[in-house]
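Listed here are the chains, written in short residue letters.
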6 protein chains.
Amino acid sequence: MTDVLTFGETMLRLSPPGTNRLEATDELAVYPAGAESNVAVAASQLGAEATWLSKLPDTALGRKVVRELRGNGVETEIVWSDAGRQGLYFVERGTAPRGTRVIYDREDSAVTTATAAELPLDRVREARTFYTSGITPALSDALAGTTAELLDVAGESGATTALDVNYRSKLWSPEEARETLTGLFPSVDVLVTAIRDAENVLGYDGDADEVAAALAEEWGFETVVVTRGEDGALAWNDGTIYEQEAFETETVDPVGTGDAFVGAFLARRLAGDAVTDALAYGAATAALKRTIPGDVAVVTREEVEEVLGEETAEIAR
Amino acid sequence: MTDVLTFGETMLRLSPPGTNRLEATDELAVYPAGAESNVAVAASQLGAEATWLSKLPDTALGRKVVRELRGNGVETEIVWSDAGRQGLYFVERGTAPRGTRVIYDREDSAVTTATAAELPLDRVREARTFYTSGITPALSDALAGTTAELLDVAGESGATTALDVNYRSKLWSPEEARETLTGLFPSVDVLVTAIRDAENVLGYDGDADEVAAALAEEWGFETVVVTRGEDGALAWNDGTIYEQEAFETETVDPVGTGDAFVGAFLARRLAGDAVTDALAYGAATAALKRTIPGDVAVVTREEVEEVLGEETAEIAR
Amino acid sequence: MTDVLTFGETMLRLSPPGTNRLEATDELAVYPAGAESNVAVAASQLGAEATWLSKLPDTALGRKVVRELRGNGVETEIVWSDAGRQGLYFVERGTAPRGTRVIYDREDSAVTTATAAELPLDRVREARTFYTSGITPALSDALAGTTAELLDVAGESGATTALDVNYRSKLWSPEEARETLTGLFPSVDVLVTAIRDAENVLGYDGDADEVAAALAEEWGFETVVVTRGEDGALAWNDGTIYEQEAFETETVDPVGTGDAFVGAFLARRLAGDAVTDALAYGAATAALKRTIPGDVAVVTREEVEEVLGEETAEIAR
Amino acid sequence: MTDVLTFGETMLRLSPPGTNRLEATDELAVYPAGAESNVAVAASQLGAEATWLSKLPDTALGRKVVRELRGNGVETEIVWSDAGRQGLYFVERGTAPRGTRVIYDREDSAVTTATAAELPLDRVREARTFYTSGITPALSDALAGTTAELLDVAGESGATTALDVNYRSKLWSPEEARETLTGLFPSVDVLVTAIRDAENVLGYDGDADEVAAALAEEWGFETVVVTRGEDGALAWNDGTIYEQEAFETETVDPVGTGDAFVGAFLARRLAGDAVTDALAYGAATAALKRTIPGDVAVVTREEVEEVLGEETAEIAR
Amino acid sequence: MTDVLTFGETMLRLSPPGTNRLEATDELAVYPAGAESNVAVAASQLGAEATWLSKLPDTALGRKVVRELRGNGVETEIVWSDAGRQGLYFVERGTAPRGTRVIYDREDSAVTTATAAELPLDRVREARTFYTSGITPALSDALAGTTAELLDVAGESGATTALDVNYRSKLWSPEEARETLTGLFPSVDVLVTAIRDAENVLGYDGDADEVAAALAEEWGFETVVVTRGEDGALAWNDGTIYEQEAFETETVDPVGTGDAFVGAFLARRLAGDAVTDALAYGAATAALKRTIPGDVAVVTREEVEEVLGEETAEIAR
Amino acid sequence: MTDVLTFGETMLRLSPPGTNRLEATDELAVYPAGAESNVAVAASQLGAEATWLSKLPDTALGRKVVRELRGNGVETEIVWSDAGRQGLYFVERGTAPRGTRVIYDREDSAVTTATAAELPLDRVREARTFYTSGITPALSDALAGTTAELLDVAGESGATTALDVNYRSKLWSPEEARETLTGLFPSVDVLVTAIRDAENVLGYDGDADEVAAALAEEWGFETVVVTRGEDGALAWNDGTIYEQEAFETETVDPVGTGDAFVGAFLARRLAGDAVTDALAYGAATAALKRTIPGDVAVVTREEVEEVLGEETAEIAR
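Residues numbered from 1 in each chain as written. Chains lettered and ligands numbered in written order. Predicted model: local features only at pLDDT ≥ 70, side-chain atom pairs only at ≥ 80, totals over all residues. Heavy atoms only, no water.

Chemist: Would you mind showing me how to read the packing of aromatic side chains here?
Modeler: Aromatic ring pairs are described here by two measures, namely the spacing of the ring centres and the angle between the planes. Residues and elements named next belong to chain A. Summed over the entire model, instances satisfying the criterion amount to 24 aromatic pairs over all chains. Measuring from centroid to centroid gives 5.1 Å for Phe 185 and Phe 221, while their planes differ by 75°, and the two rings are edge-to-face. Of the two residues, Phe 185 is situated in the loop between helix H6 (174-184) and strand E10 (190-194) and Phe 221 in the loop between helix H8 (208-219) and strand E11 (223-227); the sequence distance between them amounts to 36 residues. Of the two residues, Phe 185 and Phe 221, both sit in the buried class. (Phe/Tyr/Trp six-rings, centres within 6.5 Å; stacked < 30°, edge-to-face > 60°. Helix = DSSP H or I, 4+ residues; strand = E, 2+ residues; numbered from the N terminus. Buried < 20%, exposed > 50% of the residue type's maximum accessible area, 1.4 Å probe, protein only.)

Chemist: Looking at this structure, how should I read the interface of chain A and chain E?
Modeler: When the parts of a complex come together, some accessible area is lost, and that lost area is often taken as the interface size. In this complex, chain A contributes 23 residues to the contact, which on the side of chain E involves 23 residues. For the pair chain A and chain E, the summed buried surface comes to about 2,100 Å²; carbon and sulfur atoms form 56% of the total. Our enumeration of links across chain A and chain E arrives at eight salt bridges. For the salt bridge of A:Arg63 with E:Glu23, the shortest nitrogen-to-oxygen distance reads 2.7 Å. For the interface between chain A and chain E, the tally reads 13 residue pairs in polar contact (both at pLDDT 80 or more). At the level of secondary structure, the elements contributing two or more residues to the side of chain A that touches chain E comprise strand E3 (27-33), helix H2 (60-71), strand E6 (88-92) and strand E7 (100-105) of chain A. With three bridges connecting them, E3(A) and strand E3 (residues 27-33) of chain E associate as antiparallel partners. Its bridge partner being in E3(E), A:Leu28 is matched across the sheet by E:Leu28. (Contact = heavy atoms within 4.5 Å. Buried area = accessible area lost by both parts, 1.4 Å probe. Salt bridge = Lys/Arg side-chain N within 4 Å of Asp/Glu carboxyl O. Polar contact = N/O pair within 3.5 Å; in protein donor to acceptor, adjacent residues only side chain to side chain. Pairing = 2+ DSSP bridges.)

Chemist: I'm lost on the packing of helix H9 (residues 257-270) of chain B against helix H10 (residues 275-289) of chain B in this one. Help?
Modeler: Each pair of packed helices gets described by two things: the angle between the helix axes and the distance between those axes. Residue and element names in this part refer to chain B. Where H9 contacts H10, the axes come no closer than 7 Å and their chain directions differ by 145°. The element H9 and its partner H10 pack so that their crossing is right-handed. Contact with H9, carried on its side by Thr 257, Ala 260, Phe 261, Ala 264, Phe 265, Arg 268 and Arg 269, involves Val 275, Ala 278, Leu 279, Tyr 281, Gly 282, Ala 283, Thr 285, Ala 286 and Lys 289 of H10 and no other residues of that element. Grouping the amino acids of the contact of H9 with H10 by side-chain chemistry returns 10 nonpolar, three polar and three charged. (Axes fitted to C-alpha atoms, helices over the stretch in contact; angles between N-to-C directions. Left-handed = near helix turned anticlockwise from the far one by under 90°. Nonpolar A, V, L, I, M, F, W, Y, C, P; charged D, E, K, R; others polar.)

Chemist: What exactly am I supposed to notice about the relation of the copies chain D and chain E here?
Modeler: Relating one copy of the chain to the other takes a rotation about an axis and a shift parallel to that axis. Note on the copies: chain D fits chain E at an RMSD of 0.0 Å, the axial shift is 0.0 Å, and the rotation between them is 180°. Both copies are brought into coincidence by an operation consistent with a two-fold rotation axis. When C-alpha distances to the rotation axis are compared across chain D, the minimum falls at D:Gly71, with a value of 2.2 Å. Looking at chain D, 100% of its interface residues are interface residues in chain E too, so the copies touch through the same face. (Least-squares fit on C-alpha atoms with pLDDT ≥ 70 in both.)

Chemist: Looking at this model, I keep getting lost on the sheet that holds strand E4 (residues 50-57) of chain E. Mind explaining?
Modeler: Within a sheet, each strand pairs with its neighbour through backbone hydrogen bonds, oriented either parallel or antiparallel. All names here are of chain E. Within the open sheet, the nine strands sit side by side as E5-E4-E1-E8-E9-E10-E11-E12-E13. Their pairing is mixed. On the outer flanks of this sheet lie strand E5 (75-81) and strand E13 (240-244), each paired with one strand and no other. Within the sheet, the average angular offset between the axes of one strand and its neighbour, ignoring direction, is 20°. One ladder, built from five bridges, connects strand E8 (residues 127-133) with strand E9 (residues 160-164); its direction is parallel.

Chemist: What exactly am I supposed to notice about the interface of chain D and chain E here?
Modeler: On the side of chain E, 11 residues touch chain D, which itself brings 11 residues to the contact. Between chain D and chain E lies a buried interface of about 890 Å² when both sides are counted; carbon and sulfur atoms form 32% of it. Considering only the surface of chain D that becomes buried against chain E, D:Arg67, D:Arg70 and D:Gly71 emerge as the three largest contributors, covering 61% of it. The tally of links between chain D and chain E comes to two salt bridges. The partner of D:Arg70 in a salt bridge is E:Glu75, with the nearest N and O atoms 3.1 Å apart. For the side of chain D that touches chain E, the element with the highest residue contribution is helix H2 (residues 60-71) of chain D, accounting for four residues. Residue composition of the side of chain D that touches chain E, by class: two nonpolar, five polar and four charged.

Chemist: Sorry if this is basic, but what is going on with the pairing of strand E11 (residues 223-227) of chain E here?
Modeler: Two faces make up the sheet, and in a regular strand the side chains alternate between them. All names here are of chain E. Counted residue by residue, E11 has four buried out of five residues, so it is predominantly covered. Two elements, E11 and strand E12 (residues 233-237), share five bridges in a ladder whose sense is antiparallel. Within the sheet, the bridge partner assigned to Thr 223 lies in E12 and is Asn 237. The loop that links E11 with its antiparallel partner E12 comprises five residues; one of these, Gly 229, has a positive phi angle of about 60°.

On their own, these measurements won't tell you what the molecule is for.
Rendered as structure tokens:
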């Protein structure tokens with residue numbers, strides 16, 4: 001039994017120190033990174049029992065992924081593979097006018113061959129919430145099929161199913177994404193999407209509240225969350241729109257902000273919080289994530305609640 | 001003979017690199033840290049002969065403290081102890097909305113058992129200024145007594161005595177602090193207090209100038225310095241109020257700012273500067289401290305005077 | 001249900017880089033360290049489900065301990081405490097004629113107040129093997145009582161109970177250790193002791209095989225393992241003596257060697273291996289541990305079996 | 001055959017990590033640094049074949065310089081010397097109100113004795129553009145003569161000759177600089193000067209466009225570029241003034257900004273770009289340089305063009 | 001015109017600090033690594049003009065490879081590709097009984113699609129010596145064909161062609177290797193092989209001198225070099241056997257030893273040295289390589305000659 | 001009043017991490033280094049009050065030297081200079097067959113212009129022992145004269161004067177050294193020399209005991225110490241020869257071994273130890289120095305006595 005089970009790929013992220021250039025660095029820091037495990041970490045930090053399900057190469061690199069996720073409070077359910085690589089990606093942080101640059105190196109990773117047949121479906125059936133992102137079906141045809149099967153299995157066993165569109169232009173075209181993702185929508189209860197992806201990928205124009213309502217109506221979602229970066233987020237739930245502003249931050253590392261938001265939102269919803277409260281937790285967790293190097297939100301619930309409740313002192317002593 | 005003798009605890013501060021999270025770091029930087037030694041370092045950098053008096057465990061950790069303080073220009077007068085720990089504290093830097101977080105780990109440190117009988121009182125008698133902070137008597141009953149005795153010894157031998165209220169809520173309640181500290185006030189010539197502590201601990205409401213005057217009148221202090229963070233500081237001296245704005249900074253590490261202010265103020269007063277000049281030196285030293293990692297102000301008098309005198313160039317070459 | 005449950009203290013170990021001097025370092029590496037969690041890690045790496053039971057301060061430091069142990073494959077069962085410190089120790093590596101030096105800073109750690117009443121005894125009852133070391137009862141009177149109770153609970157529920165004498169002269173005298181530990185012996189099935197401790201603490205002279213047999217006879221142990229450093233180890237089991245040589249190593253960090261041995265031995269015994277095989281796994285795991293910085297054995301079963309089976313190539317590619 | 005050949009000194013720059021103080025650091029990062037090689041690197045990154053000509057000590061330090069410049073895409077033409085030092089300089093980064101501080105340690109470096117006779121003048125003759133800065137003739141009387149000779153050689157063989165005034169007050173007085181540099185002006189086609197140097201060293205008052213025009217008229221330059229820091233730059237070319245604003249940056253390291261500007265400007269002019277386009281490339285390259293630790297602009301032409309063309313995304317993935 | 005042109009793959013090697021475990025490290029050092037570029041570096045350090053020819057992805061990672069090789073004195077001739085990965089490999093150093101472990105992650109690297117048609121064959125034709133290793137044809141069928149074509153082109157234009165068998169069991173079987181490599185032998189002038197590969201892959205049993213002679217006779221090689229690890233190397237040349245002992249070393253990093261040997265041997269042969277002298281240079285360069293972290297031999301000819309000529313002092317000052 | 005006053009140059013030593021190559025490193029560690037301050041540190045650690053007298057540039061680099069020496073327990077007496085450099089040297093550690101390589105960069109350092117007139121001669125007069133090495137007079141003609149004057153001043157005020165020949169071939173020829181040093185001998189009470197220098201520089205052949213006796217007889221020294229590296233040391237004192245073996249070490253950094261020996265020897269002689277005991281302390285301190293990175297002996301008297309008294313345990317806990 002787990003509160004939140006997520007399925008997808010976790011890469012090892014390799015980053016130069018500070019804002020050094022990737023091509024000039026002699027040293028790389030190693031972090032775990034992947035939308036679904038990022039969500040699991042945030043959910044775990046906010047009080048949910050979270051499990052990450054995947055397939056990894058049976059090497060020191062695959063073990064490194066498990067080590068990091070377990071260290072961050074997540075249970076791991078792994079199919080160990082003799083074939084397939086460990087997915088990698090290189091992230092270089094830059095200040096303006098340089099942005100943060102990413103090189104993906106995840107082709108042929110072990111998870112791209114994962115089939116429902118080899119995965120422990122009982123763990124999926126036991127989960128209260130099942131989450132994956134639009135990255136997973138984009139990784140391979142096999143994974144697209146597996147994602148669909150897992151959503152069905154989860155839905156049939158009564159779990160809430162959640163999907164974050166998370167469009168990645170380096171993986172597929174908007175058209176491919178729309179076709180595959182809308183094919184999954186009937187199995188999805190909670191949809192998360194950036195306003196940009198709603199427009200460019202799914203084809204929904206308008207203000208965020210209109211987009212959320214239109215998506216909910218067309219596809220029958222229980223909840224639709226639309227994120228708008230610095231402009232905050234909103235959720236449509238059962239006919240009502242709830243808005244949430246973003247917290248101001250002095251950003252150290254922007255990667256993983258959206259996943260921190262979703263993980264916290266799901267965990268607080270599971271804990272029985274109202275949509276408006278869950279959105280606030282999501283926004284505060286996302287804000288803290290931006291102050292932390294790496295992709296995952298190393299935060300505590302108490303810290304999130306400090307952000308929610310009051311101004312944090314410059315020095316807490 | 002020494003210009004400024006300070007008495008109190010120096011901890012080893014352990015901090016993760018940059019803004020990394022303490023619970024996720026594999027590496028800690030080590031710094032010397034303690035209000036009284038911070039003051040001694042700042043006083044030394046601004047031209048005073050400064051000595052730090054204390055009790056330390058006779059271990060590599062205690063020797064590390066002496067090594068760092070001597071390296072920063074302070075003489076040390078140490079009672080080496082086979083009992084008692086080396087006080088530690090953990091500081092994690094965060095950007096907004098994360099603040100800087102502190103975990104104290106200083107209980108049962110060697111200095112908590114320091115008695116006047118074992119300390120070299122002749123060194124106290126030779127000092128021109130004796131300084132301690134409200135942290136010292138808060139550390140143990142023994143130290144509360146020792147602090148009182150040293151203030152008396154210093155006062156009787158003609159030294160100027162200075163006390164910074166420096167209230168720490170993790171060490172005692174406002175009521176305990178008020179009772180103990182006001183018991184010391186008759187032996188104190190120069191009182192330093194944050195406006196916040198004046199109100200919450202000492203019970204003086206009002207604007208900073210009113211608070212300073214009221215404190216001076218009630219207790220007969222020669223000088224009262226009231227600090228107000230970003231709003232600067234002011235001093236009451238001999239019936240006159242002197243105001244000093246804070247300098248703008250791009251902060252790297254805020255810890256130790258107040259101590260840098262006090263050390264520079266005391267050193268310049270000892271050098272014969274007027275109150276208004278000493279305040280300016282204090283504010284400039286404090287501003288520089290905020291740009292330097294760790295608790296102590298690694299600055300030169302020339303650098304302080306550059307801040308005072310003019311805009312610093314982006315590159316000085 | 002867990003294969004091996006261990007109970008005791010895990011400290012954070014702080015070490016200068018390489019062979020730098022502690023008093024001159026500006027940087028400390030952080031490792032998890034504690035006999036019982038070291039054993040749990042080794043057992044886990046060798047295939048057992050291992051759980052570490054303890055009490056930790058509810059701070060980033062306590063969370064760091066859990067993070068590290070979970071990362072190393074161990075489940076943690078923690079009583080979180082608002083009182084008590086996180087135990088620390090400082091380890092400085094030196095080459096000859098400097099040895100490795102240790103400063104313990106573990107007094108008043110949270111675990112020293114752990115009582116059976118607050119611990120989840122059901123987890124103890126579910127374990128197949130319960131392990132603790134002689135360090136645990138030495139930490140406080142409360143812990144001495146708790147250790148005795150847990151051994152009883154484990155024994156009554158049918159678990160194999162194991163105790164490593166692990167005498168630490170900085171914690172208690174040989175006489176105190178002997179009195180407390182022999183008081184526990186009736187509840188112990190598997191005793192592990194260094195030959196040196198058997199003589200100096202328990203008062204058994206003679207060759208290792210004689211010592212093992214004498215201990216087994218006097219106290220009715222199922223198994224007695226006697227370790228002899230570079231001279232290897234032997235086990236008395238059911239009247240028979242089994243000997244195991246130590247593997248040659250080029251040592252990087254000797255701390256934790258004995259715990260790696262015990263964890264591997266227990267795991268392989270649980271897996272049904274004969275004593276002689278379990279001893280060999282113990283010795284090979286211990287040898288690998290000596291090549292790894294920190295206290296825990298970051299190894300895989302495959303690596304241990306390479307050491308057992310053949311000469312390792314200089315480069316495996 | 002090379003597009004841009006530059007002649008001057010490259011130092012090794014030694015800098016503490018982050019904003020640490022030089023006097024308190026135990027660690028220094030090593031970077032290549034020198035106006036002429038900085039220009040060569042920027043020119044090379046923007047598409048020109050660039051060669052740096054100089055004299056270096058035949059030691060690991062001299063080889064380090066070549067290693068770094070070749071790594072940054074520059075060809076090196078070196079006279080190896082058994083006499084003379086490797087020039088060094090120490091750069092400490094500070095945030096406001098601390099600035100970036102520089103200690104030069106370049107006296108008696110090997111290049112100060114370089115003579116035209118020992119340099120491979122054929123390489124100068126093959127260059128399409130020859131560049132040096134006002135630092136080079138300031139380093140020694142010998143170098144002042146050599147600089148004049150090389151400018152003549154380059155000019156006679158049809159190369160465009162470029163000179164950046166680059167006044168350094170630690171090397172000579174404004175009067176000395178003016179006398180020497182104006183002596184070189186008849187051999188110079190493209191003059192680059194900070195507005196500040198134009199006034200204080202060359203004695204030209206007025207707005208930047210007036211200064212540029214006055215310089216061009218008096219000395220017959222083909223092109224005069226006047227840089228104004230945050231206020232951008234402008235160029236006089238063939239009677240027309242072209243203006244270029246500076247791009248906004250979040251600065252990590254300001255050193256080398258001007259050289260990045262010049263290198264990109266020269267490279268784009270050589271590639272046939274109009275003055276206004278070359279200025280834009282210069283400004284964008286300079287902006288990127290400010291985000292990169294060290295003196296040289298580790299950028300690609302594509303990155304420069306992203307700055308020119310559009311807003312960079314916070315994360316490019 | 002270049003003295004030595006090598007063709008093959010250069011990977012980025014990622015290694016934990018010191019002897020840390022890969023699965024537990026948070027930091028990786030980055031080095032260039034590849035038999036053919038290792039050979040080019042060693043040849044360059046020993047006085048030859050060396051060029052490395054290959055195909056790389058047009059990313060910061062590909063540029064990193066060029067940066068490193070140019071920094072090490074090698075010219076690079078690159079086909080930049082929009083497709084294909086940058087090859088990686090992970091190297092973990094261990095002391096006995098742990099060996100050095102390698103994880104290759106080089107599949108689908110850009111070079112695997114390199115064709116003779118896209119490579120600058122004129123550069124091959126200008127080379128005095130052309131070198132590749134048995135790794136190159138093992139990487140893909142395309143590369144096997146390209147390797148054969150380049151050997152032919154080089155041979156036809158009069159270059160000496162050299163091939164190191166360099167068998168890698170993770171890339172192909174001994175049978176596949178034998179078939180492909182012996183197909184190349186008619187185009188090869190200088191064959192290098194480990195005695196182990198001669199036996200296991202090529203099927204030549206016997207002492208090293210017998211193996212060398214048999215290979216030379218069967219295939220008509222000008223020179224056959226057989227390496228024997230700690231037992232040194234020997235060469236058959238024109239009917240004569242030359243033996244060379246290995247130098248004793250205190251090894252820091254054994255990877256790349258053989259390539260350092262070959263690069264030095266080829267460079268000294270090109271410089272006109274006798275076989276026996278070239279072997280000695282090879283052995284001394286290989287010995288120095290073992291003291292240097294990373295795959296390439298950062299040495300000077302003077303240092304190699306110190307090893308050849310005399311005992312090196314503990315401190316040279 | 002000080003026990004040991006030493007006069008000479010302290011450089012900043014810059015070293016790559018571990019055994020990395022200087023020409024390939026991006027990072028340098030900073031250490032204080034100089035024969036006379038090394039001796040002062042060792043003397044201080046062994047219980048003497050030690051002062052180092054010198055002239056330094058008034059920069060962050062000069063302040064770094066004072067910071068380090070004060071941190072190591074030495075008092076500093078400095079003439080601050082606006083002219084002259086901070087002496088530097090680069091040390092690269094290598095394992096066999098690479099040795100440790102040194103590049104000096106100390107020309108024109110501030111101390112080379114130090115005159116007796118500007119130095120505080122009263123501090124020399126108060127010292128019980130005055131020490132310098134043969135490096136000091138080799139640095140400049142001015143320093144040769146100053147050294148002679150200080151030896152005279154010290155001798156006239158009753159101090160014991162000590163000189164270590166410490167021949168450096170990069171500074172002067174054996175003939176120059178002999179002429180200058182023998183000119184100082186009449187003012188020297190304790191002569192220290194390596195057996196190698198005694199032969200090559202001073203021209204004394206024979207076994208170490210014969211050399212010591214011959215030197216003592218010819219020049220009337222009170223004590224002559226002859227060091228023989230791994231073969232230990234001996235002292236002639238008042239007609240008797242005392243021998244001391246070297247302790248076996250696993251060397252981390254050999255630089256500064258001789259200075260550690262001399263500092264400990266002088267400190268123990270001052271404390272009243274017999275020659276034979278002082279030699280033993282010297283040898284043990286030297287042995288510990290070899291295990292410590294950098295030039296100075298960061299040791300305690302207790303650690304030295306552990307080496308003297310018994311075998312050190314692998315782990316002391």
